[in-house]
Every structure is written in C-alpha cells, then in structure tokens.
Amino acid sequence: MAQVQRMSRLMVKTLRDDPADAETLNHKLLVRAGYVRRTAAGIWTWLPLGKKVYENVARVVREEMDAIGGQEVLLPALLPKEPYEASGRYEEYGDLLFRLKDRKGSDYLLGPTHEEIFTQVVKDQCSSYKDLPVILYQIQTKYRDEARPRAGVLRGREFQMKDSYSFDASDEGLAEAYALHRAAYQRIFERLGLDYRIVSAVSGAMGGSASEEFLAPAPAGEDTFVDCPECDYAANTEAVTFALKPVPADGHAAVEELDTPDTPTIETLAEHLGVPASATLKNLLVKVDGEIVAVGVPGDREVDLGKLGEHLAPAEVELVTAEDFVGRDDLVRGYVGPQGLEKVRYIADPRVAPGTSWITGANKADKHARNVVCGRDFEVDDYVDVVVVEAGDPCPACGAGLKLDRAIEIGHIFQLGRKYADTFQLDVLGQNGKPVRVTMGSYGIGVSRAVAALVEQTADEQGLCWSKEIAPADVHIVAAGKAVQTELALDVAEQLNAAGVRVLVDDRAGVSPGVKFTDAELIGVPTILVAGRRSADGVVELKDRRSGEREELSVADAIARLTA
Ligand code: ATP
Ligand code: MG
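Along every chain, residues carry numbers that run from 1 in the direction the sequence is written. Following the order in which they are written, the chains are lettered starting with A and the ligands numbered starting with 1. The model is predicted, so local features are restricted to residues of pLDDT at least 70 and side-chain atom pairs to those at 80 or more, both for listing and for counting; the totals for chains, interfaces and linings are taken over all residues. Only hydrogens and water are set aside; all other atoms, that is, all heavy atoms of the structure, feed into the side-chain values.

(A) Quick peek at the overall build of the protein. Numbering of helices and strands runs from the N terminus; a helix is a DSSP stretch of H or I covering at least four residues, while a strand is a stretch of E covering at least two. The secondary structure content of the protein amounts to 13 helices and 30 strands. For the protein, the C-alpha atoms occupy an extent of roughly 95 × 65 × 45 Å along the three principal directions. Classification of residues uses two cut-offs on accessible area relative to the type maximum, computed with a 1.4 Å probe and protein chains only: under 20% is buried, over 50% is exposed, and between them is partly exposed. Within the protein, the fraction of its 564 residues that count as buried is 52%. Residues are treated as being in contact if the distance between any of their heavy atoms lies within 4.5 Å. Across the protein, contacts joining residues at least 24 apart in sequence account for 69% of those joining residues at least 6 apart. Carbon and sulfur atoms make up 49% of the accessible area of the protein, which amounts to about 25200 Å² in all. Treating the 64 positive side-chain charges of the protein as one cloud and the 90 negative ones as another, the clouds have centres 6 Å apart. Methods summary: accessible areas were calculated by the Shrake-Rupley approach with a probe of 1.4 Å, and residue burial reflects only the protein chains presented. For the charge count, each Lys or Arg is scored as positive and each Asp or Glu as negative, with His and the chain ends excluded. Charge positions are represented by NZ for Lys, CZ for Arg, CG for Asp and CD for Glu.

Here's what the structure looks like:
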C-alpha cells in the first residue's frame with residue numbers, strides 16, 4: 001500500500017523568494033515549491049514532489065499510447081554517429097547536437113530524437129507486411145544543446161520526451177496511424193487539463209508532408225501562433241497563407257517616372273511622396289543558391305526570411321551584399337522595380353496580385369515610378385506568401401481579423417513518409433511477394449515540458465495549482481501545530497490513505513501555522529484539509545486550492561467527502 005507522505009520526513013525545502021535568474025512562472029514556482037533543482041543551465045534534477053508530478057504526466061501519456069496499440073520500448077540515449085550520418089542529420093543538427101567520443105576515438109552523440117534508430121530496429125524485427133502496422137514508443141531522455149536554455153523545464157538541454165513512430169506498408173496505414181495519434185494526443189492533453197490548439201505546421205528539418213503542432217497558449221511560450229477570434233482556425237505564423245485575389249487591371253494611368261532624390265528606403269520614399277507605405281512595392285534582393293532573385297511585398301510589410309527559406313528549400317537563401325551589385329547595371333540598389341528586371345526571377349507575395357498598382361523603384365538612381373501595374377507592366381514568376389503575418393490579417397478560413405498569441409509547443413505529429421525508410425532501405429515483403437517500402441510517422445510530446453506548460457497555465461499568485469490527475473497528492477493535510485491537531489491530522493491521513501486517497505500531511509514540529517498554510521498553497525495539492533482550532537471537537541476545515549472555498553466539517557463527513 002502507498003504510504004502517507006509526511007512533510008516532516010519529505011525532502012522538500014520551500015523558498016519565499018524567486019530564484020534570481022528565473023523569468024518564467026514554472027521556473028520560479030517549481031523551484032520555490034521544491035519540485036526541481038537546477039543542476040546546470042538547462043539541466044534539471046526532479047526532487048520527490050516533482051518526480052511524482054512528472055510520473056503522473058508520464059502515466060497519462062503511457063495509458064493513452066497503450067490504448068492506440070503503442071508498444072513501449074526503451075532505446076539508448078548514447079548513440080553511434082553512423083545512422084545519423086546516413087540520414088544527414090549528424091551535420092544538419094549543427095550545434096544543437098551533443099557529440100562525444102569514446103576511449104577508442106569513435107564518434108557518438110546523445111540522441112536529440114530517434115527516427116534513425118527506430119527505423120533500424122524495425123528493419124531488424126519486421127520482415128513481412130504481416131508484421132505491420134507497428135507503433136513503437138518510449139518515454140526517454142533527450143539531449144539538445146539549445147542556444148538559450150531558459151524558462152525552467154520548459155526548454156531543457158536534457159529533457160524527457162515521449163516519442164513514437166509508426167510503420168506501415170501503405171499510405172492509408174500511415175494516415176490511420178496519424179489519426180490515431182492525433183486523437184490520443186487530444187485525450188492526453190484533455191486529461192492533463194491543458195488548454196491547447198492544434199495548428200498546421202511546417203515540418204522543417206524533419207522532412208515529410210503532413211504535420212501538426214499542439215500548442216498550449218501561455219505568455220511564456222516561445223512560439224507565436226495565429227488564432228481566429230471568429231472561427232476555429234489556428235496556425236503557426238509561418239503556415240498562414242494569404243489567398244491570391246486578382247483585381248481588374250483596367251482604368252490605371254500609364255507608368256509615370258518620379259524624381260525622388262535621396263529616398264532609398266520605403267520610409268523616406270513614403271514621406272517624400274506623402275503616400276502610405278502600403279502604396280509602395282518593396283523589392284528585396286536575395287541570393288537563392290547564389291543566383292539573385294527579387295522578392296516583392298507591399299512596402300508596409302516585412303519579408304519573413306524563414307518562410308521564404310521554407311518555400312525555397314532545399315535551395316539556400318542569403319541576403320545580397322554590395323559585392324553582388326558589381327557588374328550588374330540592371331540592379332540599381334534602393335531603386336529596384338520589377339518592371340525593368342528582365343534577367344531576375346521575380347517572386348511576389350499574393351498581396352501583389354494581378355491588377356494591383358504600385359509605386360516602386362524606376363531602376364534608375366533617385367527615381368521611382370508610379371502606376372506600375374502587376375500583369376500589365378511586370379509579371380510575377382512565382383507567388384509565395386512570404387510576409388511576416390500581422391495581427392488583423394484576414395483569416396484564411398473566414399476572413400475575420402486574426403489575433404497573434406504566444407504558446408508553448410507541447411506536441412508535434414508528422415507524417416514522415418519514406419525519408420528514413422529510403423535511407424535505411426526499410427522494406428517488408430508485400431502481399432504479392434514483392435518488397436514494399438515502409439512509410440513512417442513520428443510523434444512527440446514533451447513530457448517534462450508539459451509539466452512546465454501546466455504550471456504556466458494553471459498557477460496563481462499563491463503558487464502551483466494542480467488538477468487531481470497530476471497533483472503529487474489528492475489531499476494536503478495541515479496540522480496547525482498543537483499535539484491534538486497533529487494527532488488528528490495523522491489519524492485522518494491514515495484513514496484516507498487506507499481508502500486509497502493520496503495524502504501529504506504537514507506534521508512538521510516547530511513550523512508556524514502561517515508558514516504551513518503558505519506552503520500548502522505554494523505546493524498546490526487540489527484539496528487542503530486543516531486540523532486547526534476545532535480539532536478537539538473533531539471538526540476540520542476543507543479548502544479547495546483553486547477556488548479558495550472553505551468549509552468546516554466533522555472528520556467523518558470530511559473523510560466521506562474525500563473518499564466519495
Ligand atoms: P522547439 O521548437 O520548442 O525547439 P521542436 O520543434 O524542436 O521544439 P520536436 O523536435 O518537435 O521539438 O520535439 C517534440 C516535442 O518535444 C516538442 O513538441 C516539445 O514538446 C518537446 N521538446 C522539444 N525540445 C525541448 C526542450 N529543449 N525541452 C523540453 N521539451 C522539448
Ligand atoms: Mg516541433
């Protein structure tokens with residue numbers, strides 16, 4: 001049987017003050033309440049109370065992964081470099097990867113995620129389509145040498161992740177495994193009590209097609225996402241696209257050249273002409289795999305280089321430098337306009353739609369041109385939504401003005417496809433006796449990060465505030481201090497414990513009631529039971545940690561309530 005947890009014996013040292021370097025709520029409160037301890041930057045020790053909460057999150061994740069047929073395994077964190085070299089990620093990960101050598105000088109790494117190793121496991125274990133589908137998962141320690149490991153356990157350099165991988169012989173199978181994971185993630189985050197959104201994501205370095213992120217809105221989050229106040233559209237900022245809407249091109253006057261001395265920037269130009277920046281067309285020059293390309297966006301908008309890079313990948317995008325203009329008389333720096341750019345590929349944002357008219361560079365020093373009409377005076381080679389999304393931009397689903405919010409990425413699901421199966425030639429024998437290339441999905445939940453996200457979303461001024469499923473105990477009993485109160489507290493604790501209720505009892509001698517109450521609020525167990533003034537009469541007080549509601553009850557009634 002579980003034991004009553006006694007504060008007099010529990011290793012928990014609460015702190016009145018926030019740690020000096022703490023910026024986020026989870027960092028402040030988890031340290032102050034004695035749940036975690038910082039060992040080094042981004043490297044954390046889970047103390048007894050913290051370990052309980054962590055395990056509760058892990059249990060919910062396990063139960064829901066088992067429910068979709070996931071089989072739990074445990075792979076090593078210390079990995080040989082060869083599989084990651086084969087996939088290209090040994091290089092691609094750059095500084096994020098912890099690399100090390102063994103005594104013989106062979107190269108190893110600490111696993112940041114395990115697609116390569118799981119692929120090898122399945123190649124070794126499964127040989128026929130009859131061995132599939134398979135979903136494997138683990139809850140394991142991951143290593144990433146994050147540039148700025150801040151924010152407590154939200155972003156660690158060592159952290160715990162549930163990662164799972166699906167293996168199927170067909171695309172339909174992958175779609176099904178993806179749907180199973182998506183539904184399991186919804187149940188997990190609901191059970192954890194996290195407020196979350198599912199947003200379509202760009203899959204980045206993972207490679208692959210369909211991908212969604214689970215985001216927990218919180219000011220401490222490092223992701224910005226767009227949220228529609230009118231419909232259920234939510235998306236990663238980089239995934240928002242603006243629809244191309246051509247407008248009638250007729251009725252525009254002919255192109256007219258304007259003298260605009262000393263106006264190499266949009267601001268100087270707009271001021272000189274007395275027009276809003278949005279009436280001007282800004283043409284950013286970049287190098288795509290070494291070739292100069294112009295990118296046109298409305299003058300009041302910024303180009304999102306990340307978004308541009310995603311669209312043009314695997315081509316490399318760089319900004320141009322003064323040297324790139326040497327010998328290029330067609331490119332007049334600061335006065336570029338698409339109407340004269342014959343030798344340059346022109347990419348434009350969909351806001352630069354056919355039929356729209358602009359003020360833009362005249363391709364001559366100190367001169368601009370007005371009435372430059374898209375489709376009449378210049379052509380766009382490729383439309384790519386490349387502007388930084390802004391609050392108020394239209395929702396792609398319903399047209400309402402979008403909001404921008406901060407969030408924590410708590411989970412990520414990918415349909416990887418055959419990228420890793422190709423690398424490792426993972427085939428199974430198909431129904432017709434011919435080999436079939438396996439298709440994969442990979443799915444992650446930050447288990448330690450979920451603890452942080454819960455704190456960010458649920459804590460209040462007094463401290464942590466856990467839901468029952470996640471709390472380190474169901475009831476926190478406070479013995480106000482006198483012998484009779486401690487006796488009653490311990491007695492109630494034993495009775496509740498015998499009934500299967502998880503109890504933490506503050507039986508510390510020589511600690512003032514005030515300190516005990518403050519600690520109970522800080523530790524955040526959902527129900528606080530106080531053996532106080534009326535202990536001698538067999539009356540205790542129950543307090544709901546979240547709502548603050550209090551009630552005096554007889555011991556018998558209190559026990560009945562808590563064991564109901
Ligand atoms: P981020 O953008 O926050 O760096 P990521 O996109 O690199 O995360 P994934 O590779 O998708 O992360 O990892 C799966 C999950 O693991 C994430 O959704 C997140 O919950 C968690 N995770 C990733 N990096 C960390 C970290 N440094 N500390 C704690 N949890 C992390
Ligand atoms: Mg991710």
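(B) Here's a closer look at the packing of aromatic side chains. Here a pair means two rings of Phe, Tyr or Trp (six-membered ring of Trp) with centres within 6.5 Å. Their orientation is stacked below 30 degrees between planes, edge-to-face above 60, and tilted elsewhere. As enumerated under the stated definition, the model contains 10 aromatic pairs in all. Taken together, a centroid distance of 4.1 Å and an interplanar angle of 25° make the contact between phenylalanine 118 and tyrosine 165 stacked. Of the two residues, phenylalanine 118 sits in helix H5 (residues 115–125) while tyrosine 165 sits in strand S9 (residues 158–168), which places them 47 residues apart along the sequence. Of the two residues, phenylalanine 118 and tyrosine 165, both sit in the buried class. Ring geometry for tyrosine 196 versus phenylalanine 214: centroids 6.0 Å apart, planes at 35°, classification tilted. Taken together, the residues span a long stretch of sequence, with tyrosine 196 in the loop between helix H6 (171–192) and strand S10 (197–200) and phenylalanine 214 in strand S11 (residues 211–217) at a distance of 18 residues. One aromatic cluster is present, built from ring pairs that chain together Tyr185, Phe189, Tyr196 and Phe214. In this structure, arginine 99 packs its charged tip against the face of tyrosine 90, placed 4.9 Å from the ring centre. Working rule: Lys NZ or Arg CZ, within 6 Å of ring centre, within 35 degrees of ring normal, means a charge sits over the ring. Its end group placed over the ring of phenylalanine 242, arginine 351 keeps NZ or CZ at 4.2 Å from the ring centre.

(C) Highlighting the packing of helix H2 (residues 48–67) against helix H10 (residues 447–458). Angles shown run from 0 to 180 degrees and are taken between the N-to-C directions of axes, each axis being a line fitted to C-alpha atoms and, for helices, limited to the stretch in contact. Put simply, H2 and H10 touch, their axes get as near as 9 Å, and they point 110° apart. As the angle between them shows, H2 and H10 are arranged roughly perpendicular. In this structure, H2 crosses over H10, and the sense of that crossing is right-handed. Across the interface between the two elements, Val53, Tyr54, Val57 and Ala58 of H2 pack against Val447, Ser448, Ala450, Val451 and Leu454 of H10. Under this grouping Gly is polar, as are all residues other than the nonpolar Ala, Val, Leu, Ile, Met, Phe, Trp, Tyr, Cys and Pro and the charged Asp, Glu, Lys and Arg. For the contact of H2 with H10, a count of residues per class yields eight nonpolar, one polar and no charged. Any angle between 65 and 115 degrees counts as roughly perpendicular, while under 35 counts as roughly parallel, over 145 as roughly antiparallel, and the rest as oblique. Helix crossings get a hand from a simple test, with the near helix turned counterclockwise from the far one by less than a right angle marking a left-handed crossing and a clockwise turn marking a right-handed one.

(D) Summary view of the domain arrangement of the protein. When the domains of the protein are assigned, the result is domain 1 (13–239 + 404–457), domain 2 (256–383) and domain 3 (475–563). Domain 1 and domain 3 are separated by 39 Å when their C-alpha centres are compared. Residue-level contacts link nine residues of domain 1 with seven residues of domain 3. Once two parts are put together, the accessible area they lose, assessed with a 1.4 Å probe and summed over both, is termed the buried area. Area buried by domain 1 at its contact with domain 3 is led by Thr14, Arg16 and Leu49, which between them contribute 54% of it. Salt bridge, as used here: a side-chain nitrogen of Lys or Arg that lies within 4 Å of a carboxyl oxygen of Asp or Glu. Our count for the domain 1 to domain 3 interface comes out at one salt bridge. Where each domain starts and ends follows an automatic or database-derived domain assignment.

(E) Representation of the sheet that holds strand S21 (residues 382–383) within the structure. Only when DSSP finds a minimum of two bridges between them are two strands counted as paired. The strand order across the open sheet formed by five strands is S17-S15-S16-S18-S21, and the pairing between neighbours is mixed. Only two strands of the sheet have a single partner each, and these edge strands are strand S17 (317–319) and S21. Judged from the eight bridges that link them, strand S15 (residues 281–288) and strand S16 (residues 291–298) form a sheet pairing that is antiparallel. Residue pairing in the sheet places leucine 284 in a bridge with valine 295 of S16.

(F) Local environment of the pattern of salt bridges. Per the counting criterion, the structure on display carries 53 salt bridges. The residue aspartate 519 makes a salt bridge to arginine 508 at a minimum N-O spacing of 2.9 Å. Note that aspartate 519 is positioned in helix H12 (residues 513–523) and arginine 508 in the loop between strand S27 (503–506) and H12, a separation of 11 residues in sequence. Residue aspartate 519 is classed as buried on the basis of its relative accessible area, which comes to 1%. Where lysine 543 meets glutamate 521, a salt bridge forms, and the shortest distance between an N and an O atom there is 2.5 Å. Here lysine 543 is found in strand S29 (residues 539–544), whereas its partner glutamate 521 is found in helix H12, with 22 residues between them in sequence.

(G) A look at a negative patch on the surface. Each patch is built from salt-bridge-free residues with over 30% relative accessible area, joining like charges within 9 Å and nonpolar side chains (Val, Leu, Ile, Met, Phe, Trp, Tyr) within 5 Å. Negative charge collects at one region of the surface, where Asp289, Glu291, Glu316 and Glu318 lie side by side. Examined against the element boundaries, glutamate 291 turns out to sit in strand S16.

(H) Just the coordination of the magnesium ion (ligand 2), in detail. Coordination of the magnesium ion (ligand 2) by the protein comes from Glu409 (OE) and His412 (ND1), over a distance range of 2.1 to 2.3 Å. Accessibility expressed as a relative area gives 13% for histidine 412, which makes it buried. Donor atoms: N, O and S within 2.8 Å of the metal, or within 3.2 Å for Na, K and Ca. Because water is excluded, sites can look incomplete.

(I) Structural view of the layout of surface pockets. The definitions used throughout rest on a 1 Å grid laid over the protein atoms alone, on which a cavity is an enclosed set of points accommodating a 1.4 Å probe that cannot get out and a pocket is an open set flanked by protein within 12 Å on both sides along at least five of seven lines; lining residues are those having an atom within 4 Å of a point. Grid points are joined across faces, edges and corners, and a volume is the space filled by probe spheres set on the points. In this structure, the second largest pocket encloses a volume near 500 Å³. Those elements giving two or more residues to the lining of the second largest pocket turn out to be helix H7 (266–273), S15 and strand S19 (357–364).

(J) Focus on the site of ligand 1. Close contacts around ligand 1 come from 13 residues, with Arg144, Glu146, Arg155, Gly156 and Glu409 the closest. Histidine 412 has a polar side-chain atom sitting 3.1 Å from an oxygen atom of ligand 1. Note that an oxygen atom of ligand 1 is positioned 2.9 Å from one of the side-chain N or O atoms of arginine 449. Taking 580 Å² as the accessible area of ligand 1 by itself, protein coverage stands at 85%. Elements with a minimum of two residues in the shell around ligand 1: S9 and strand S22 (403–417). The element contributing the most residues to the shell around ligand 1 is S22, with four residues. Among the residues forming the shell around ligand 1, the class breakdown is four nonpolar, four polar and five charged. When at least one non-hydrogen atom of a residue lies within 4 Å of a molecule or strand, that residue is treated as near it. Here a polar contact is recorded for every N or O atom pair within 3.5 Å, except that within protein the pair must consist of a potential hydrogen donor and a potential acceptor, and residues adjacent in sequence are included only if both atoms are side-chain atoms.

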